[in-house]
Amino acid sequence: LVTIPGIFEHSTLGYTNLPYTVLYVSGMIYLFFGFLKNDDGHLVISSLLVALSTWVRSDLPFWLTGILFALYYSFKNKRIKPFLVYLIPFALIQQTWNRFASTLYGNGYSTSGQLSEASMSLLKNLDLGRLFEISNYIYINVISTWGALLVLFVICSIVNILKNRNNTLIFLAIIIVNILGLFVGTYVFSFKVVEWKEIADSAARMAMFFPPMMIFYSSMVISDNT
């Protein structure tokens, strides 16, 4: 991790991206082990960590990943308990902060307000040309900065898919859903801020949690095949 320039640099800065990365990535790892071990206790820890990450960066939509996968897990196992075990602690912590922040900044700051605004933006502004611009922007300013780690991640993903290792494929799915969230979030943001193309550093900081997740995933795949 310390060999990744972005993470090493942020260890000396006062931005919120590094603590967000620690909380969110830890939450995703506990979510994964909750599925792997069929353990609700891991889901509770994941829920707490991801919820606390929204106290650090409430503007990022990636917390939805945990809820979606907890819901999927419940449907797959035909049990509502895992979803409730995840959702209730998450909602209690996240909504506490949201209500406090809304009293200071108005209802537009709330999660429901942000999701409603994002949904309306997607419905009203579906633009294929803009989607191409977003894809190019994310590739240049985010994906290309991953360098050799991206190559390792792609190779491990191919090996994982070909060998159909279901356990590690769960974490690959978590990463892919987060990448989709990055595209959707940037797309919505591009309609809210005129100068969105000029803040490339912001996009790189927002996606800073991907390299640790890719390292964790690649390590698991390599361990399974050695």
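Residues numbered from 1 in each chain as written. Predicted model: local features only at pLDDT ≥ 70, side-chain atom pairs only at ≥ 80, totals over all residues. Heavy atoms only, no water.

Caption draft 1: View of a nonpolar patch on the surface. Together, I80, L84, I88 and L92 make up a nonpolar patch on the protein surface, roughly 390 Å² of accessible area in all. Relative to the elements of secondary structure, L84 occurs in helix α5 (residues 81–105). Judged by relative accessible area, L84 falls into the partly exposed class, the value being 38%. (Patch = residues over 30% accessible without salt bridge, like charges linked within 9 Å, V, L, I, M, F, W, Y side chains within 5 Å. Areas by Shrake-Rupley, 256 points an atom, 1.4 Å probe, with all protein chains shown as cover. Salt bridge = Lys/Arg side-chain N within 4 Å of Asp/Glu carboxyl O. Helix = DSSP H or I, 4+ residues; strand = E, 2+ residues; numbered from the N terminus. Buried < 20%, exposed > 50% of the residue type's maximum accessible area, 1.4 Å probe, protein only.)

Caption draft 2: Structural context of the layout of surface pockets. Of the volumes computed, that of the second largest pocket is approximately 500 Å³. What lines the second largest pocket is a set of 23 residues, among which I4, P5, G6, I7 and T145 lie closest to the centre. Counting residues per element, the lining of the second largest pocket draws most heavily on helix α1 (residues 5–10), at five residues. (1 Å grid on protein atoms, 1.4 Å probe; cavity = no way out; pocket = protein on both sides within 12 Å on 5 of 7 lines; lining within 4 Å. Points joined across faces, edges and corners; volume = space filled by probe spheres on them.)

Caption draft 3: Highlighting the packing of aromatic side chains. Overall, the coordinates contain 19 aromatic pairs when judged by the stated rule. Ring centres of F62 and F210 lie 6.3 Å apart, and the angle between their planes is 90 degrees; this geometry places the pair in the edge-to-face category. Of this pair, F62 sits in the loop between α3 (40–56) and α4 (64–77) while F210 sits in helix α11 (residues 210–224); the two residues are 148 residues apart in sequence, bridging distant segments of the chain. On the accessibility criterion, F62 (1% relative accessible area) is buried. You can call F210 buried: its relative accessible area is 0%. One aromatic cluster in this structure is built from Y20, Y24, F62, W146, F209 and F210. Above the plane of the ring of Y15 lies R205, whose end atom (NZ or CZ) is 4.9 Å from the centre. (Phe/Tyr/Trp six-rings, centres within 6.5 Å; stacked < 30°, edge-to-face > 60°. Lys NZ or Arg CZ within 6 Å of the ring centre and 35° of its normal.)

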